[in-house]
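Chain by chain, the residues:
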Amino acid sequence: YAFDLLYAIYEEEGYDATEIPALILTHNLTGVEIDDRAGALAPATKAVDIYRRLAQANPAAYEPDLAMSLNNLANRLSETGDRAGAPAPVTEAVNIHRRLAHANPAAYEPDLAMSLNNLAGSLSETGDRAGALAPATEAVNIRRRLAQANPAAYEPDLAGSLWTAMLCFAAAQQYQTALIHGREALQLFTRLAEREPARFQPSVQELQAELQKLEPS
């Protein structure tokens, strides 16, 4: 999918179709950019390739890095417009993090929740609104448990996952569930903003605006 997206970017810039494969091989495999999108995508793709090889040789040492690089690739794909290509790498990241969390929950459950949150957003963006609900809910459940044990460390993440869940349930037209998640997220962000206004007040304002769209008139 990376080659196809890079090809499309070169086409947009007006390059001749016969020149594009050589341009990609010359420039984009090392991260030199035709524009910001290609520049971000090429190194992310290369990082996945590198960590996959390393993880094959030494899974215990490099699978966590592979999972993080897959998350990063999914984010870059979404940012560059290839939303349909994003779920595959983030699904692989979820599978890796789930296996790691099963063996060592304390170390890897936060990473699993992050990957699940990303997967929910990615699936919702591609139109799989029903499929997004399970990972969104699981991410909330994990982060709620983590926040109960360590509020200072994990309440911001819980608030973020509740916000993601609100958006996913709203996209699936389950508005009452969306409101429940959104209102809880707003309560958390409001409390966090009392302690760190510069960091969290913008989230409070943005979330308030989004909730107003969902609140019954």
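For the structure itself, look to the data block above.
Owing to the predicted nature of the structure, the values given are computational and were not obtained by experimental measurement. (Residues numbered from 1 in each chain as written. Predicted model: local features only at pLDDT ≥ 70, side-chain atom pairs only at ≥ 80, totals over all residues. Heavy atoms only, no water.)

Novice: Explain the overall build of the protein to me, and be specific about the residues and the numbers.
Specialist: A count of helical and extended segments in the protein gives 10 helices and 0 strands. The order of α-helices and β-strands along the protein, N terminus first, is α-α-α-α-α-α-α-α-α-α. Out of the 217 residues belonging to the protein, those deemed buried represent 45%. Across the protein, the fraction of contacts at a sequence separation of at least 24, relative to all contacts at a separation of at least 6, is 52%. Approximately 11200 Å² of the protein is accessible, and the part contributed by carbon and sulfur atoms is 51%. (Helix = DSSP H or I, 4+ residues; strand = E, 2+ residues; numbered from the N terminus. Buried < 20%, exposed > 50% of the residue type's maximum accessible area, 1.4 Å probe, protein only. Contact = heavy atoms within 4.5 Å. Areas by Shrake-Rupley, 256 points an atom, 1.4 Å probe, with all protein chains shown as cover.)

Novice: Go over the nonpolar core, please, and point to the residues and values.
Specialist: In this structure, Met166, Phe189 and Leu207 are the most contacted members of the largest nonpolar core, which totals 55 residues. Taken together, the elements giving at least two residues each to this core come down to helix H3 (36-57), helix H4 (59-79), helix H5 (87-103), helix H6 (105-125), helix H7 (129-149), helix H8 (151-171), helix H9 (175-195) and helix H10 (197-214). For this core, the element with the highest residue contribution is H8, accounting for 10 residues. (Core = buried A, V, L, I, M, F, W, Y, C linked by side-chain atoms within 4.5 Å.)

Novice: How would you explain the side chain of Glu155 if you had to name every residue and give the values?
Specialist: In this structure, Glu155 sits in helix H8. Given the relative accessible area of 13%, Glu155 is considered buried. Excluding residues that lie within four positions of it along the chain, Glu155 makes contacts with Ala147, Leu188, Arg191, Leu192 and Arg195.

Novice: Give me H5: which residues, what numbers.
Specialist: Across its 17 residues, H5 extends 24 Å between first and last C-alpha, which sits within 8% of the 24 Å expected from 1.5 Å per residue. Listing the buried residues of H5 in full gives Pro87, Pro89, Val90, Ala93, Val94, Ile96, His97, Leu100 and Ala101. (Expected span 1.5 Å × (residues − 1).)

Novice: Could you give an account of the pattern of salt bridges, naming the residues involved and the relevant values?
Specialist: For the structure on display, the rule yields 9 salt bridges. Between Arg183 and Glu215 there is a salt bridge, with its nearest N and O atoms 2.7 Å apart. Separated by 32 residues along the polypeptide, Arg183 in helix H9 and Glu215 in the segment after H10 bring together distant segments of the chain. Judged by its relative accessible area of 38%, Arg183 is partly exposed. (Salt bridge = Lys/Arg side-chain N within 4 Å of Asp/Glu carboxyl O.)

Novice: Could you give me a rundown of the packing of aromatic side chains, with the residues and numbers involved?
Specialist: Counted according to the given criterion, the structure contains 2 aromatic pairs. Ring plane angle 80° and centroid distance 5.7 Å describe the contact between Trp163 and Phe189, whose orientation is recorded as edge-to-face. With Trp163 in helix H8 and Phe189 in helix H9, this residue pair connects regions lying 26 residues apart in the sequence. The two residues Trp163 and Phe189 agree in class, both being buried. Seen in terms of ring centroids, Phe189 and Phe200 are 6.2 Å apart; in terms of plane orientation they differ by 45°. Their pairing is tilted. Residue Phe189 is found in helix H9, and its partner Phe200 is found in helix H10; the two are separated by 11 residues along the sequence. The class of Phe189 is buried, set by a relative accessible area of 5%. An aromatic cluster is built from Trp163, Phe189 and Phe200, whose rings are joined through pairwise contacts. (Phe/Tyr/Trp six-rings, centres within 6.5 Å; stacked < 30°, edge-to-face > 60°.)

Novice: Give a description of the packing of H4 against H5 that names residues and reports values.
Specialist: Their axes nearest at 8 Å, the elements H4 and H5 cross at an angle of 155°. As judged from the angle between their axes, H4 and H5 are roughly antiparallel. Here the hand of the crossing between H4 and H5 comes out left-handed. In contact with Glu63, Pro64, Leu66, Ala67, Met68, Leu70, Asn71, Leu73, Ala74 and Leu77 of H4, H5 contributes Pro89, Val90, Glu92, Ala93, Ile96, His97, Arg99 and Leu100. (Axes fitted to C-alpha atoms, helices over the stretch in contact; angles between N-to-C directions. Parallel < 35°, antiparallel > 145°, perpendicular 65-115°, else oblique. Left-handed = near helix turned anticlockwise from the far one by under 90°.)

Novice: Pulling in residues and values, what's your account of the environment of Gln187?
Specialist: Counting through the fold element by element, Gln187 comes out in helix H9. The exposure class of Gln187 is exposed, given its relative accessible area of 56%. Put simply, Gln187 and Val204 are 17 residues apart on the chain and 8.8 Å apart in space, counted from C-alpha to C-alpha.

Novice: Residue-level account of the packing of H7 against H8, with values.
Specialist: Axis separation between H7 and H8 bottoms out at 8 Å; the angle between their running directions is 160°. Regarding the angle of H7 to H8, the classification is roughly antiparallel. For the crossing formed where H7 meets H8, the hand is left-handed. Classifying every residue of the contact of H7 with H8 gives 16 nonpolar, 3 polar and 5 charged. (Nonpolar A, V, L, I, M, F, W, Y, C, P; charged D, E, K, R; others polar.)

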